[in-house]
Amino acid sequence: MTDVTIDPEHDLSLQRVIRASPSDVWRAWTEPARLEKWWIPAPMVTRVDRLDVTPGGGFVTRMSEDGEEFVPHIDSIFLVVEEGRRLVFTNAVTSAWRPADPEPVAMTAEIILDDHPEGTDYRVIVRHGTPAARAHHEELGFFDGWGSVTSALAELVEQEASA
């Protein structure tokens, strides 16, 4: 298991065992067609505009309520990419490498995939610049939002693994 430091004043996190291999979970994060299936809580629909899974590569998605009119969701860059194991991205810098002031909150998200006897130990750590930003993100529904998309991710890869 990867050792990770979490600052409870600045960070929000969740952890779950996903009954699929880390490589299956990795593909769900790094292949646009798979990411579109789980990245935004249903019934919203996701469109991936850019997914360059390399350090400095863009991560841009849009969302839609009706599947026809899409609005911006996230425009960010990957900071760290450790193949099959770890992704770190931030929305504080856009995919065009411009400083950003993202709504509702600036964050850096770290996704960690470790082996687990039942599949993957999946961890998300979302770091914020201030305790107030962390509190605001929690109040906006961090646990419900990230929790529901993590459940959708798990459902997708677990179904694929059992097929």
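Below: a short report on this structure.

Criteria and cut-off values
- The residue count restarts for each chain, going from 1 along the sequence in the order it is written.
- With pLDDT at 70 or above as the cut-off, local features in this predicted model cover only qualifying residues; side-chain atom pairs require 80 or more to be listed or tallied, and sums for whole chains, interfaces and linings still use all residues.
- Side-chain measures here rest on the full set of heavy atoms in the structure, leaving out hydrogens and waters.
- Working convention: axes come from line fits to C-alpha atoms, limited for helices to the stretch in contact. Angles between N-to-C directions cover 0 to 180 degrees.
- Secondary structure elements are taken from DSSP: a helix is a run of H or I of four residues or more, a strand is a run of E of two residues or more, and numbering for both begins at the N terminus.
- Any angle between 65 and 115 degrees counts as roughly perpendicular, while under 35 counts as roughly parallel, over 145 as roughly antiparallel, and the rest as oblique.
- Two helices crossing with the near one rotated counterclockwise from the far one by less than a right angle form a left-handed crossing, whereas a clockwise rotation gives a right-handed crossing.
- Whether two residues are in contact is decided by their heavy atoms: any pair within 4.5 Å suffices.
- Charged residues are taken to be Asp, Glu, Lys and Arg, nonpolar residues to be Ala, Val, Leu, Ile, Met, Phe, Trp, Tyr, Cys and Pro, and polar residues to be all remaining types, Gly included.
- For this analysis, a salt bridge means a side-chain nitrogen from Lys or Arg found within 4 Å of a carboxyl oxygen belonging to Asp or Glu.
- The rule is simple: take the accessible area with a 1.4 Å probe, protein chains only, and divide by the maximum for that residue type; under 20% is buried, over 50% is exposed, in between is partly exposed.

1. As for the packing of helix α1 (residues 22–30) against helix α4 (residues 142–162)
The contact between α1 and α4 brings their axes to 10 Å, and the two run at 125°. The pairing of α1 with α4 is recorded here as oblique in orientation. Where α1 crosses over α4, the handedness of that crossing is right-handed. Judged by residue contacts, D24, V25, R27, A28 and W29 of α1 engage L153, L156, V157, E160 and A161 from α4. Here the contact of α1 with α4 is built from residues that sort into seven nonpolar, no polar and three charged.

2. Here's the deal with the pattern of salt bridges
Counted under the stated rule, the structure contains 14 salt bridges. Across the salt bridge formed by D49 and R47, the nearest N and O atoms sit 3.1 Å from each other. Residue D49 is classed as partly exposed on the basis of its relative accessible area, which comes to 36%. Via salt bridges that share partners, D24, R27, E31, R34 and E160 belong to a single interconnected network.

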